[in-house]
Amino acid sequence: MSQTYKGHNNLRPPRPPPPEDRYLTDAKKFMHLYYDTLDNKRDKIVHLYGSACRLIFDGNTYVGGNDINKFWQNQFPLRSIHTIRNQDYKNQGDSILILMISGEVLLNTICRTFSQVLVCQREDKKWKIMSDNYRLLD
């Protein structure tokens, strides 16, 4: 059944946009926190990883917070600036959040394309990275 409204040419008023999915909100917040920390506060990056975590960077595996922290601190170029071009997410209930990201990263003075998949799980009511797969593409 159609409703008419005076002064609107007999058209329905536009519907407000639906509320944003809370997992989308979580995904956006976590991605912003992650790349800000990686680019600007790298000494804190280990706090975003969970207790049983692993990083695969261009095929090399680092297991546990200590190994991952050593990689980011000592092997990844000191200066990095990430630009996100594409992002997507998938949640599984309230406990798993999968983030898929791609874009460019400026490593010192060289710009590279990258892709990354983060599998996050809730620990102590916070999202923590359990699996991080980062690949430089060119």
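- As annotated in an unreviewed UniProt entry, the chain carries the name NTF2-related export protein and comes from Panagrolaimus davidi.
- A UniProt comment under Function (unreviewed entry) is attached to the chain, and it reads "Has a role in nuclear-cytoplasmic transport of proteins and mRNAs."

## Some points on the sheet that holds strand 5 (residues 110–123)
No. 1: Here 6 strands make up an open sheet; going across it, the order is 2-1-6-5-4-3 and the pairing mixed. Edge positions in the open sheet fall to strand 2 (60–63) and strand 3 (80–92), since each of these has one partner strand only. Across the sheet, the mean angle separating the axes of adjacent strands is 15° when strand polarity is ignored.
No. 2: Note: strand 5 against strand 6 (residues 126–136), 10 bridges, orientation antiparallel. Directly across from Cys120, in strand 6, lies its bridge partner Ile129.
No. 3: In the packing of helix 1 (residues 22–40) onto the sheet, the strands contacted are strand 1 (49–57), strand 3, strand 4 (96–107), strand 5 and strand 6, and the crossing angle to strand 3 comes to about 150°.

## Describing the packing of aromatic side chains
No. 1: Applying the stated criterion across every chain yields a total of 13 aromatic pairs.
No. 2: Both rings, one in Tyr34 and one in Tyr35, keep their centres 4.9 Å apart while their planes meet at 90°; by these two values the pair is edge-to-face.
No. 3: Residue Tyr35 is classed as buried on the basis of its relative accessible area, which comes to 6%.
No. 4: For the pair Phe57 and Trp72, a centre-to-centre distance of 6.1 Å together with 80° between the ring planes defines the contact as edge-to-face. Here Trp72 lies in helix 2 (residues 64–75) and Phe57 lies in strand 1, a separation of 15 residues in the sequence.

Reading the values: rules and limits
Residues numbered from 1 in each chain as written. Predicted model: local features only at pLDDT ≥ 70, side-chain atom pairs only at ≥ 80, totals over all residues. Heavy atoms only, no water. UniProt positions renumbered as here; feature names shortened; annotations may be inferred. Pairing = 2+ DSSP bridges. Helix = DSSP H or I, 4+ residues; strand = E, 2+ residues; numbered from the N terminus. Axes fitted to C-alpha atoms, helices over the stretch in contact; angles between N-to-C directions. Contact = heavy atoms within 4.5 Å. Phe/Tyr/Trp six-rings, centres within 6.5 Å; stacked < 30°, edge-to-face > 60°. Buried < 20%, exposed > 50% of the residue type's maximum accessible area, 1.4 Å probe, protein only.

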